[in-house]
Amino acid sequence: MADDHKPFVPPEESLPELTAKALLLGVVVAALLGAANAYLGFRAGQTVSATFPAAVLAIAAFRLPFFRGSVLEQNTMRTAASVGEALAAGAIFTVPAFVMVNVGGQRLWTSFSYWETSLILLVGGLLGILFIVLLRRTLAVDAGLPFPESRACAEIVKTGQRGDTGARYVFGAMGLGMLVQVFKDTAGIRLFQESVQFVKELPASVVHHMDSGRAPLGDVRHQGALVAATPAISPALIGVGYIIGFELSAINFAGGVLAWLVLVPLALFLNPDLPRHLAGAHGAPPLTEVVFSVWYNEIRPIAVGAMLVGAARTMWGMRSSIGQAFGGAFRRGSAAEPLRTERDLPSRGVLAGIVALSLPVFLIYYHFSRSVIGAAVAAVVMLVTGFLFSAVGGYLVGLVGGSNQPVSGLALSTLIVAALLMVGFGVTGLAGVGAVLGVAAVVCCACCVSGSLIQDLKVGQILGGTPWKMQVAEIVATVVTSFVLVFPIVILHEGNLRQGGIGIGDPALPAPQAGLMAQMAQGIVGGEMPWALILFGMAFALALVLIESPSPMLVAVGMYLPPATTAAIFLGGCLKALVEWRAKRAGLAGGAATVVESTGTLVASGLIAGESLTGVVLAGLVLTSERFTSVAGAIGLPTLSFVDGPIGAWLGLVPLAALAWLLVRVPLRHAARSGEAA
């Protein structure tokens, strides 16, 4: 795209960039955003991308009279600040599993170990940076990926610098995104439901089973259910779908259709006694809970298996560029000096750093497994899968943005591979589970940080930043944040214990991804892993590859995500297609078509930033004050009981209509006015 070839700051121009004030402010914001996202992750099992909040904070900070600086200094601060959220995601998805594991009544950890946790975050984060340095050009330039959130962030920064008429579209949409987030978030003033899920029981069917000789075997009464959900009223998700366009959002949505309209109903139909098997003291659980359990425990492992094949295919498709990246590490530099905007950290130094980090990786795994062979195998698995999934994770960030990167799916894939090898080498029991979780934790941190960095590097490419300076900023921020982020984790855990809870894993801090990690690690080492589901997913993805289906990985991601999420992304893609159709029908071409494209991107960028920024602020308010539970409570508003009923569901149509109107009407009207002015 055009902005890739014409950076906002030309390569020939040299501006202050890697300065002490930019680095210091970035590290401070990284710690704050990391703490807020740690809380959000423990409560809701998700984090909010820090790219947009960090960009907005950078714009605001560097406009202060005593803190003025260049756009490239803002870029450095944003890059450093975003690592806090990335490391927080890596931490909350895996590290709590160490205190949740229970093998034969024995606990792996009874409380969080400061040094062990910090070292896992540090090693994983640094490896993620080094991996992505080798792959920067492959992913950010050669792969031709859309990078929706990177482009959105760059547009926010550019309009903030220019102060032109485009800024009103970004910041106007940002205001609407903030408002919607406040009115749907439980920590805000909740007025409507974000999404409504429907579970419709199908008519009962009696299947007359018989053998191959047509002799009756018996009759079984089957009854399945169809599952659907309205699109999440999420400005960020709809904005992402708008930016990536109809085709990619449709592929992602196809995975959701397959999971929720085919596989979940099929699983329910084929196992009619499941509700009875899940019945407790109060009878069978509601059908909605049975549906969730089927998806979470049966369909998601199929998606993980599909991701394994999708990851292998993605890496195979990138083999040439990856080979060139490694080859450059062993070739002498050419006589021609690369442009400022193409200078990475030296490849040889990067490879030396990866080799040097393999020693602490080995020591961490030996600490858990008490086996030299087991630790060596775990270290090799971590390096191979860490590089593989950092590349795949970066690729997915380029497709659907960092907010939708399926990090937990990649970590689960790593966990499965590591567990198989641990069992194969005889490292079992509590030690085996510890080694498996150690591999998954380091790789998860590497994937999170690499995804964050490639997104930041793409923003830097559009703005004209110097890659090696951004990479240095990320390294410094990772080192500092690794030793700071443990404190909010410990505070949340110990605070819940003092209130009579069980710490991480309590209903107040469920940490769902970490719980799944602990469950799967125990299941694999203990022989309870549903390997058949993993194999089903691998076979399914192989079939997609054989018929040359577009992006099997993106299909698997759609299977792994909740239906409201994929539907919201698809809605954004449909709105983009509608805008393009109406523009073509109105005869808008050339410059007018460009205005439609750029204005739509500005509006979508503002929506993404508005929700992301508000999500972090609300989470931070809840974290910093024990008395603060919501904005509504703080201003004395009562809990609105109608929100969880039909009225709350119908009220959601109001913000949904506003978002759709904004994304469709504004770009077309601006293009028409531009044409009249011309």
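Residues numbered from 1 in each chain as written. Predicted model: local features only at pLDDT ≥ 70, side-chain atom pairs only at ≥ 80, totals over all residues. Heavy atoms only, no water.

(A) Broad picture of the packing of helix H13 (residues 347-369) against helix H16 (residues 429-463). Relative orientation of the contacting elements H13 and H16 amounts to 155 degrees, with a least axis distance of 7 Å. One element, H13, and the other, H16, form an angle in the roughly antiparallel class. With respect to the hand of their crossing, H13 and H16 are arranged in right-handed fashion. On H16, the residues that touch Tyr 365, Phe 368 and Ser 369 of H13 are Ala 431, Gly 434, Ala 435, Gly 438, Val 439 and Val 442. Partitioning the contact of H13 with H16 into residue classes produces 6 nonpolar, 3 polar and no charged. (Axes fitted to C-alpha atoms, helices over the stretch in contact; angles between N-to-C directions. Helix = DSSP H or I, 4+ residues; strand = E, 2+ residues; numbered from the N terminus. Parallel < 35°, antiparallel > 145°, perpendicular 65-115°, else oblique. Left-handed = near helix turned anticlockwise from the far one by under 90°. Contact = heavy atoms within 4.5 Å. Nonpolar A, V, L, I, M, F, W, Y, C, P; charged D, E, K, R; others polar.)

(B) Local environment of the state of the cysteines. Taken as a whole and assessed by the stated rule, the structure comprises 0 disulfides. With no disulfide partner, Cys 447 has as its closest neighbouring cysteine sulfur the one in Cys 444, 6.7 Å distant. (Disulfide = S-S within 2.5 Å.)

(C) Broad picture of the nonpolar core. By size, the foremost hydrophobic cluster in this structure holds 170 residues, and its most contacted members are Leu 127, Val 264, Tyr 365, Leu 415 and Leu 437. Per element, the largest residue contribution to this core is 17 residues, and it comes from H16. Every residue in contact with Leu 127, bar those within four places of it in the chain, is listed here: Ile 354, Leu 357, Val 361, Met 382, Leu 383 and Val 442. (Core = buried A, V, L, I, M, F, W, Y, C linked by side-chain atoms within 4.5 Å. Buried < 20%, exposed > 50% of the residue type's maximum accessible area, 1.4 Å probe, protein only.)

(D) A look at the pattern of salt bridges. If you walk through the whole model with that rule in mind, you get 7 salt bridges. Measuring nitrogen to oxygen at the nearest pair gives 2.9 Å for the salt bridge that ties Arg 136 to Glu 342. Taken together, the residues span a long stretch of sequence, with Arg 136 in helix H6 (residues 114-142) and Glu 342 in the loop between helix H12 (319-330) and H13 at a distance of 206 residues. Residue Arg 136 is classed as buried on the basis of its relative accessible area of 3%. The exposure class assigned to Glu 342 is partly exposed, which follows from its relative accessible area of 27%. With a shortest N-O distance of 2.9 Å, Asp 644 and Arg 190 are connected by a salt bridge. Here Asp 644, found in the loop between helix H24 (631-634) and helix H25 (646-651), pairs with Arg 190, found in the loop between helix H8 (166-184) and strand S3 (197-201); they are 454 residues apart in sequence, far enough to count as distant. Note on Arg 190: relative accessible area 27%, which makes it partly exposed. Within the structure, one salt-bridge network assembled from shared partners comprises Arg 136, Arg 137, Glu 342 and Asp 344. (Salt bridge = Lys/Arg side-chain N within 4 Å of Asp/Glu carboxyl O.)

(E) Representation of the pairing of strand S5 (residues 216-222) within the structure. Bridge analysis of strand S4 (residues 205-210) against S5 gives 6 bridges, and the strand direction is antiparallel. Within S5, the residue paired with Val 206 across the bridge is Arg 221. In this antiparallel pair of consecutive strands, S4 and S5, the connection spans 5 residues, and Arg 214 shows a positive phi of 70 degrees. (Pairing = 2+ DSSP bridges.)

(F) How the structure looks around a positive patch on the surface. Taken together, Arg 168, Arg 582, Arg 585, Arg 665, Arg 669 and Arg 673 make up a surface patch of like positive charges. Of all the elements, helix H26 (residues 653-677) adds the most residues to the positive patch, at 3 residues. Checked against the element boundaries, Arg 168 lands in helix H8. (Patch = residues over 30% accessible without salt bridge, like charges linked within 9 Å, V, L, I, M, F, W, Y side chains within 5 Å. Areas by Shrake-Rupley, 256 points an atom, 1.4 Å probe, with all protein chains shown as cover. Lys, Arg positive; Asp, Glu negative; His and termini not counted. Charge placed at Lys NZ, Arg CZ, Asp CG, Glu CD.)

(G) How the structure looks around a nonpolar patch on the surface. Together, Val 476, Val 479, Val 480, Val 484, Phe 487 and Ile 491 give the surface a local cluster of nonpolar side chains, amounting to about 450 Å² of exposed area. Only helix H17 (467-484) and helix H18 (486-498) provide two or more residues apiece to the nonpolar patch. At 4 residues, the largest contribution of residues to the nonpolar patch is made by H17. Relative to the elements of secondary structure, Ile 491 occurs in helix H18. The exposure class assigned to Ile 491 is exposed, which follows from its relative accessible area of 57%.

(H) Local environment of the environment of Gly 255. Relative to the helices and strands, Gly 255 is located in helix H9 (residues 235-270). Given a relative accessible area of 0%, Gly 255 falls into the buried group. The spacing of Gly 255 and Val 555 is 300 residues in sequence and 4.3 Å in space, taken between C-alpha atoms. Leave out the neighbours within four places in its chain, and Gly 255 touches Val 555, Gly 558 and Met 559.

(I) Highlighting the confidence of the model for the chain. When the pLDDT values of the chain are averaged, the result is 79; 82% of them are 70 or greater. Helix H22 (residues 563-585) holds the highest mean pLDDT among the elements of the chain, 90, whereas helix H1 (residues 2-5) holds the lowest, 51. (pLDDT = per-residue confidence, 0-100.)

(J) How the structure looks around the packing of aromatic side chains. One pass over the full model with this rule turns up 8 aromatic pairs. On the numbers, 6.1 Å between centres and 65 degrees between planes, the contact of Trp 115 with Phe 483 is edge-to-face. One end of the pair, Trp 115, is in helix H6; the other, Phe 483, is in helix H17, with 368 residues separating them in the sequence. Aromatic side chains Phe 253 and Phe 570 sit 4.4 Å apart centroid to centroid with 0 degrees between the ring planes, which places their arrangement in the stacked category. In this pair, Phe 253 is assigned in helix H9 and Phe 570 in helix H22, connecting sequence segments 317 residues apart. Of the residues examined, Phe 253 reaches a relative accessible area of 25% and is grouped as partly exposed. Ring pairs connect the aromatic residues Tyr 114, Trp 115 and Phe 483, which therefore count as one cluster. The ring of Trp 295 has Arg 300 sitting right over it, with the charged end atom 5.3 Å from the ring centre. The ring centre of Tyr 242 lies 5.3 Å from the NZ or CZ of Lys 576, which sits over that ring. (Phe/Tyr/Trp six-rings, centres within 6.5 Å; stacked < 30°, edge-to-face > 60°. Lys NZ or Arg CZ within 6 Å of the ring centre and 35° of its normal.)

(K) Expanded view of the side chain of Ser 549. Considering the arrangement of structural elements, one finds Ser 549 in the loop between helix H20 (531-546) and helix H21 (552-560). Since its relative accessible area comes to 12%, Ser 549 is described here as buried. In this structure, Ser 549 is in contact with Arg 313 and Leu 544, ignoring residues within four places of it in sequence.

(L) Region of interest: the packing of H20 against H21. Where H20 contacts H21, the two axes come as close as 10 Å, and the packing angle between them is 145 degrees. As for how H20 packs across H21, the hand of that crossing is right-handed. Here H20 contributes Phe 540, Leu 544 and Val 545 to the contact with H21, which in turn contributes Pro 552, Val 555 and Met 559. When its residues are assigned to classes, the contact of H20 with H21 shows 6 nonpolar, no polar and no charged.

(M) Geometry of H20. Helix length check: H20, at 16 residues, gives a terminal C-alpha distance of 23 Å against a target of 22 Å (1.5 Å per residue), a fit within 8%. Restricting attention to buried positions, one finds in H20 the residues Leu 533, Ile 534, Gly 537, Ala 541 and Leu 544. One side of H20 carries all its buried residues, which in axial view fall inside an arc of 105 degrees. Of the exposed residues in H20, those oriented more than 90 degrees away from the buried face are Leu 535, Phe 536 and Leu 546. Downstream of H20 by a residue or two, Glu 548 has a phi angle that is positive, lying close to 60 degrees. (Expected span 1.5 Å × (residues − 1). Arc of directions from axis to C-beta.)

(N) Local environment of unusual backbone geometry. Residues other than glycine seldom take positive phi values, yet Arg 214 does so here, at roughly 70 degrees. On the secondary structure map, Arg 214 appears in the loop between S4 and S5. Take Arg 214: its relative accessible area is 61%, and that puts it in the exposed class. The backbone of Glu 548 shows a phi angle near 60 degrees, a positive value even though the residue is not glycine. One can find Glu 548 in the loop between H20 and H21. Classification of Glu 548 as exposed rests on a relative accessible area of 66%.

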